[in-house]
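Geometric and topological summary
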Amino acid sequence: MVTRGWMMNVPEKRYNTTFAVILSLSLFALLHLENPNIDLISIINIILVGLVFSLYVI
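Residues numbered from 1 in each chain as written. Predicted model: local features only at pLDDT ≥ 70, side-chain atom pairs only at ≥ 80, totals over all residues. Heavy atoms only, no water.

Of the regular secondary structure elements, the protein holds four helices and zero strands. Taken from N to C terminus, the helices and strands of the protein fall in the order α-α-α-α. Across the 58 residues that make up the protein, the buried fraction comes to 24%. Carbon and sulfur atoms make up 68% of the accessible area of the protein, which amounts to about 4300 Å² in all. (Helix = DSSP H or I, 4+ residues; strand = E, 2+ residues; numbered from the N terminus. Buried < 20%, exposed > 50% of the residue type's maximum accessible area, 1.4 Å probe, protein only. Areas by Shrake-Rupley, 256 points an atom, 1.4 Å probe, with all protein chains shown as cover.)

The following block contains the structure:
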């Protein structure tokens, strides 16, 4: 909710859509990096899912 609800709308209005997507995607990935047993494939999947979710909001 935080990364799509607030993190997409506020920066998008203040800066631009690309910056909002990158910021939202980065926060989404950082929040999931604390999961145990995370590996490279998991990180790549989290980044891709974050990108898809961000594009869905647009």
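Having seen the model, we can carry on.
Under the definition given, this model contains two aromatic pairs. The interplanar angle of 65° and the centroid separation of 4.8 Å between the aromatic rings of Tyr15 and Phe19 together place this pair among those described as edge-to-face. With a centroid separation of 6.1 Å and 75° between ring planes, the pair formed by Phe28 and Phe53 is classed as edge-to-face. One end of the pair, Phe28, is in helix H3 (residues 17-32); the other, Phe53, is in helix H4 (residues 40-57), and 25 residues separate them in sequence. The class for Phe53 is partly exposed, based on a relative accessible area of 40%. (Phe/Tyr/Trp six-rings, centres within 6.5 Å; stacked < 30°, edge-to-face > 60°.)

Here we come to a nonpolar patch on the surface. Taken together, the side chains of Leu40, Ile41, Ile44, Leu48, Leu51, Leu55 and Ile58 make up a nonpolar region of the molecular surface, amounting to roughly 670 Å² of accessible area. By secondary structure assignment, the location of Leu51 is in helix H4. (Patch = residues over 30% accessible without salt bridge, like charges linked within 9 Å, V, L, I, M, F, W, Y side chains within 5 Å. Salt bridge = Lys/Arg side-chain N within 4 Å of Asp/Glu carboxyl O.)

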